[in-house]
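# Reading the structure
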Amino acid sequence: MLTFNEFFKSGDIVNLSEQAVYDEIKAFIDLQEVEFCQCDKCLFDIACVVLNAIPSLYSSSVVDRNYPSADFSVEYEHLRKLAKEEIPGAIARVKTRLHH
Ligand SMILES: [Zn+2]
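This write-up is about the structure you can find in this document. This one's a predicted model, so the numbers in the text were calculated from it and none came from an experiment.

### Section: the nonpolar core
With 21 residues, the main nonpolar core has Val21, Ile25, Ile46, Val50, Leu57, Ile87 and Ile91 as its most contacted residues. Elements that contribute at least two residues to this core include exactly helix H2 (16-31), helix H3 (40-53) and helix H5 (70-95). Among the elements that make up this core, the one with the highest residue count is H5 (eight residues). Not counting the four nearest positions on each side in its chain, Leu57 is found in contact with Val14, Asn15, Leu16, Ser17, Phe72, Glu75, Tyr76 and Leu79.

Structure (structure tokens):
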């Protein structure tokens, strides 16, 4: 049995929205349709704005992540769609207050 601190630091809790957002930002960059700063700080800011705008999808199971059920896959694809929709607005927002 782990202590509470050990449990918390063991870190097998993953927010799959983060992966969905990273994947969609990568896809958006590859399209090269919009010019925007792609430095680390701006990309992190954009990722945070998008993550704050979409629901989280937490998973505590490596098995679920590697062998997702149909429901889980549908939920993940829905998140990717939401992330994709939020990216242009997030880029516009980050452009107005650059941190780099
Ligand atoms: Zn930048």
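### A look at unusual backbone geometry
Phi angles above zero are rare outside glycine, and Gln32 is one such case at about 55°. Mapped onto the elements, Gln32 comes out in the loop between H2 and H3.

### Side note on the coordination of the zinc ion
At 1.9 to 2.3 Å from the zinc ion lie its protein donor atoms, namely Cys37 (SG), Cys39 (SG), Cys42 (SG) and His100 (ND1). Here the zinc ion binds four donor atoms, and the angle range of 101 to 114° at the metal identifies the geometry as tetrahedral. Linear spacing of the donor residues for the zinc ion on their chain is C-x1-C-x2-C-x57-H. Placement of Cys39 in the loop between H2 and H3 and of His100 in the segment after H5 is noted, with a sequence separation of 61 residues between them. Overall, the relative accessible area of 25% leaves Cys39 in the partly exposed class.

### Focus on the pattern of salt bridges
Counting across every chain of the model gives four salt bridges. Of the charged contacts in the structure, one is a salt bridge between Asp30 and Lys26, with a shortest N-O distance of 2.9 Å. On the criterion of helical spacing, the pair formed by Asp30 and Lys26 is a turn pair, its members being four residues apart in helix H2. Residue Asp30 is classed as partly exposed on the basis of its relative accessible area, which comes to 49%. The residue Lys81 makes a salt bridge to Glu85 at a minimum N-O spacing of 3.4 Å. Here Glu85 and Lys81 lie together in helix H5, a separation of four residues that amounts to about one turn. For Glu85, a relative accessible area of 49% corresponds to the partly exposed category. Several salt bridges converge on common partners, so that one network encompasses Asp23, Glu24 and Arg80.

Quick notes on the rules
- Residues numbered from 1 in each chain as written.
- Predicted model: local features only at pLDDT ≥ 70, side-chain atom pairs only at ≥ 80, totals over all residues.
- Heavy atoms only, no water.
- Core = buried A, V, L, I, M, F, W, Y, C linked by side-chain atoms within 4.5 Å.
- Buried < 20%, exposed > 50% of the residue type's maximum accessible area, 1.4 Å probe, protein only.
- Helix = DSSP H or I, 4+ residues; strand = E, 2+ residues; numbered from the N terminus.
- Contact = heavy atoms within 4.5 Å.
- Donors = N, O, S within 2.8 Å, 3.2 Å for Na, K, Ca; no water.
- Tetrahedral: all angles 85-135°; square planar, octahedral: opposite > 155°, others 65-115°.
- Salt bridge = Lys/Arg side-chain N within 4 Å of Asp/Glu carboxyl O.

By themselves, these figures tell us nothing about what the structure is for.
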